[in-house]
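Architecture at a glance
One letter stands for each residue in the lines below.
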Amino acid sequence: MSAVLERPQQARTAPFATVEMIGPEVAQRYLAVNQINRPLRKAYVARLAAAMKRGEWALTGEPIKFDKDGRAIDGQHRLHAVILSEIEVPFMVVRGLDPAIFRHLDTGRVRSGADVMALRGEKYASALASATRYVAAHDITGTFRIDGKAVGSITNAQRVAVVDRHPGLREWIEDTYRARYMISNPMLAAVCYLSSRGVGGQRVHTFLAEFLDGSALAPTNPAWLLREKMLVSRASKRPIKKVEAAALTIKALNYYRAGRELKILKWSNREDHPEIDQ
């Protein structure tokens, strides 16, 4: 049962707030409307449910939020906690919100970029969210940087905007997923995507296929050299840092796109960081 305790007299065409008692059955019904949910943190749900059972749950100003179509866009963990606790508790509830606001929401547990991508229905949400930072930096500065100094942290709204401007990034996230045990999947995807837009970009798919497979390749093939570097690094007690891995990846791809061979693939932080040839 969901008992409405307070209902301001407002036009229902605009967002409106109520205070409701929500129990397990109602929470189940609210969650059933959602086709896409934020990844569930079960330990957090368990802590909330335990607090509810102990009578520690208090009505605060933090509402459960529903969009115009009745989807819960903020409050998933609290609703799951109600189901787990098997008791009825009071919540502030806001309805009629624009579905687009989810990207701007920050709850008690800060909504991560991966959360936002998952709520959009994106595959490989965590990797895609990470890759947006590298592409955003390249958009702003024209350079590829892994350390975050180029743009600092970016907001969830900016991450969404990057994916909307660069829909092709999704394909590279999926294509590079197999490489995640050798190299940073988001970094490799971002470098491949940005490289594919330049001269010789059609060769990037072949480079990636050879990097992933590694068989019957000449030792001067940049894809083979990068693969060997990453495999050795993985087995090493001192693995290659992300900055160096990005530099080596860009260097190998630049050579491969130009049809050039390499005898040795190396980079030192005493050198300028290589840029993606356009």
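Up top you'll find the structure we're talking about.
In this convention, every chain numbers its residues from 1, walking through the sequence in written order. Local features in this predicted model are restricted to residues whose pLDDT is 70 or higher, and side-chain atom pairs enter the listing and the counts only when it is 80 or higher, whereas totals over whole chains, interfaces and linings include all residues. The basis for the side-chain values is all heavy atoms of the structure; hydrogens and waters are excluded.

So, on to the pairing of strand S2 (residues 16-22). For S2, the tally of buried residues reaches six of seven residues, placing the bulk of the element in the interior. What makes two strands pair is DSSP finding at least two bridges between them. The secondary structure listing takes helices from DSSP runs of H or I that are at least 4 residues long and strands from runs of E that are at least 2 residues long, numbered from the N terminus. Pairing of S2 with strand S5 (residues 89-97), which is carried by seven bridges, proceeds in the antiparallel orientation. Across the sheet, the residue bridging to Val 19 is Met 92, located in S5. Per-residue accessibility, obtained with a 1.4 Å probe over protein chains only, is compared with the maximum for each type, and a residue is labelled buried under 20%, exposed over 50%, and partly exposed between these values.

It is worth spelling out the pattern of salt bridges at this point. Only one rule defines a salt bridge in this text: a Lys or Arg side-chain nitrogen within 4 Å of an Asp or Glu carboxyl oxygen. Applying the stated rule across the entire model yields 14 salt bridges. One salt bridge in this structure joins Asp 74 and Arg 78, with 3.9 Å as the shortest N-O distance. Across this residue pair, the class does not change: Asp 74 and Arg 78 are buried. Among the salt bridges present, the one from Asp 139 reaches Arg 165, with a minimum N-O distance of 2.9 Å. Highlighted residues: Asp 139 in helix H5 (residues 125-141) and Arg 165 in helix H6 (residues 156-165), separated in sequence by 26 residues.

With that settled, consider the packing of aromatic side chains. Working definition: rings of Phe, Tyr and Trp (its six-membered ring) pair if their centres are within 6.5 Å, and the pair is stacked with planes under 30 degrees apart, edge-to-face with planes over 60 apart, and tilted otherwise. As enumerated under the stated definition, the model contains five aromatic pairs in all. Ring centres of Tyr 30 and Phe 66 lie 4.9 Å apart, and the angle between their planes is 70 degrees; on these two criteria the pair is classed as edge-to-face. Of this pair, Tyr 30 sits in helix H1 (residues 24-33) while Phe 66 sits in strand S3 (residues 64-67); the two residues are 36 residues apart in sequence, bridging distant segments of the chain. A residue is classified by how much of its surface remains accessible, and Tyr 30, at 11% relative accessible area, is buried. Taking 4.5 Å as the distance between ring centres and 40 degrees as the angle between the ring planes, the aromatic pair formed by Tyr 124 and Tyr 177 counts as tilted. With Tyr 124 in the loop between helix H4 (113-119) and H5 and Tyr 177 in the loop between helix H7 (169-175) and helix H8 (185-196), this residue pair connects regions lying 53 residues apart in the sequence. Judged by its relative accessible area of 30%, Tyr 177 is partly exposed. Only when the NZ atom of a Lys or the CZ atom of an Arg is both within 6 Å of the ring centre and within 35 degrees of the ring normal do we say a charge sits over the ring. The ring of Phe 66 is capped by Arg 95, whose NZ or CZ atom sits 4.6 Å from the centre of that ring.

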